[in-house]
Every structure is written in structure tokens, then in C-alpha cells.
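# What the coordinates show
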Amino acid sequence: MTYRIQESVFDKFFKHRESLFRQFRKGDITKREFIEEHYAFIQSLNLKPYQRIDSFEKGIYNYQYYNMLAKYNYMRSKDAKLIQKHPNIAKKMLEDANYFYQQKDKSTIKLLEYLDFYKVEAYYIKVKSENLKDKLFEIVLMDYENVVFHSKNPWMMQRLKEEGVWIEGKRKSIIENYINERY
């Protein structure tokens, strides 16, 4: 009898995500294509966010789930053809994007609470976008390679300060090319 260890949904998720990042870093895909591919993959998993965060993987999945839904809806809401033909749909997509960004921030806090804010750093990042200057900050989990979150949510920043993980000043983002590419 031959035994095969089945790949978990987390393994598939993280492999696919890392593959997309490699393609983006090499210049094979744009940020827009990254978002569209990641969104389609998350939809294909047919896996909803977890209600309870009791593992690192569940927390990362929830963050990525809400982040991709937010980015995808935001990107689509800015499409000139959609705005012209269906302004109500574009407006609804923007509302959905804002809702998903809120859920992403809540998921981030739940994961940080699960990790007890251990080895976490947060700080403002240098950005090219005028809309994000002095608003967008980065949260780095130092015990995990390439795990970085972003937000501009004031209540989240306040919580990071209360937990003693906020660092004053601005830094270059760990994923600067991704952050500064428009989509």
C-alpha cells in the first residue's frame, strides 16, 4: 500500500502566493495581474475566512483573503468603463472594498493578539502616493520571513503604540516595489 501525504489548503495557498510574488519581482506580471490572479485563486479555494484565529496560518489566510477582496474591489471600482456604464456597481464595489479593508484590519489585530504582539515592529513607510503619505504603515512579524502587513487605520496604529511595538519615523517598506506600483 502506498501512502500519499495530501497537500493542505495552506500549503497550496502559500505556494501559489509565493509563486505570484516571484513572478511580480521578476517583472513577469504587473501589480494588477498579481491582484487578479491572487483574487481568482482565493475564489477557487472556496474557503471562507476563519471565525477563530488559533494558528498563524489561519491569521495569514484571513488577512490575505480580506486584503485581496479589498484590493480587487477597489481596483474594479476605479475602472473608467464600469463607472461610465454602471456607476451604481462601481459605487457598490468601492463600498465593498472599504468593508473588506476594515475586516482585514480586524483580522490583523486578531493575529497579532494570537501572537501576543511578540517580535512585531510597526512604522510609517515611505511611499510615492500623495494619498498614502504619512498614512500608510507597515507591520512586520520578525519571526516569520516575508510576513508584512499594511494599514492606514488610526485605531490600529493606536493599538500598536499601546502594545509598545510602534517605532517613530519613516522607513523603506520591505516590499517597496509592490507598495509603490500603481494598479
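Provided above is the structure to which this section pertains.
Heads up: these notes are all about the structure in this document.

Parameters and conventions
- Residues numbered from 1 in each chain as written.
- Predicted model: local features only at pLDDT ≥ 70, side-chain atom pairs only at ≥ 80, totals over all residues.
- Heavy atoms only, no water.
- Helix = DSSP H or I, 4+ residues; strand = E, 2+ residues; numbered from the N terminus.
- Buried < 20%, exposed > 50% of the residue type's maximum accessible area, 1.4 Å probe, protein only.
- Polar contact = N/O pair within 3.5 Å; in protein donor to acceptor, adjacent residues only side chain to side chain.
- Contact = heavy atoms within 4.5 Å.
- Pairing = 2+ DSSP bridges.
- Axes fitted to C-alpha atoms, helices over the stretch in contact; angles between N-to-C directions.

## Some remarks on the side chain of serine 107
Among the secondary structure elements, serine 107 is positioned in helix α5 (residues 87–114). Given a relative accessible area of 6%, serine 107 falls into the buried group.

## Observations concerning the side chain of serine 55
Here serine 55 lies in the loop between α2 (31–45) and α3 (56–77). For serine 55, the side chain forms a polar contact with the main-chain nitrogen of lysine 58, separated by 3.1 Å. Sequence-distant contacts of serine 55, defined by excluding residues within four places in its chain, comprise Leu111 and Tyr114.

## Observations concerning the sheet that holds strand β4 (residues 166–171)
One open sheet accounts for four strands, arranged β3-β2-β1-β4; its pairing is mixed. One side of each edge strand has no neighbouring strand; the edge strands of this open sheet are β3 (148–151) and β4. Recorded for the sheet is a direction-independent mean angle of 30° between the axes of neighbouring strands. Across four bridges, strand β2 (residues 137–141) lies against β3 in antiparallel orientation. Bridge pairing in β3 links glutamate 138 to histidine 150. With respect to the sheet, α5 is in contact with β1 (120–125), β2 and β3, its orientation differing from that of β3 by roughly 135°. Each of β1, β2, β3 and β4 is contacted by helix α6 (residues 154–162), which is oriented at about 45° to β2, the strand it contacts most.

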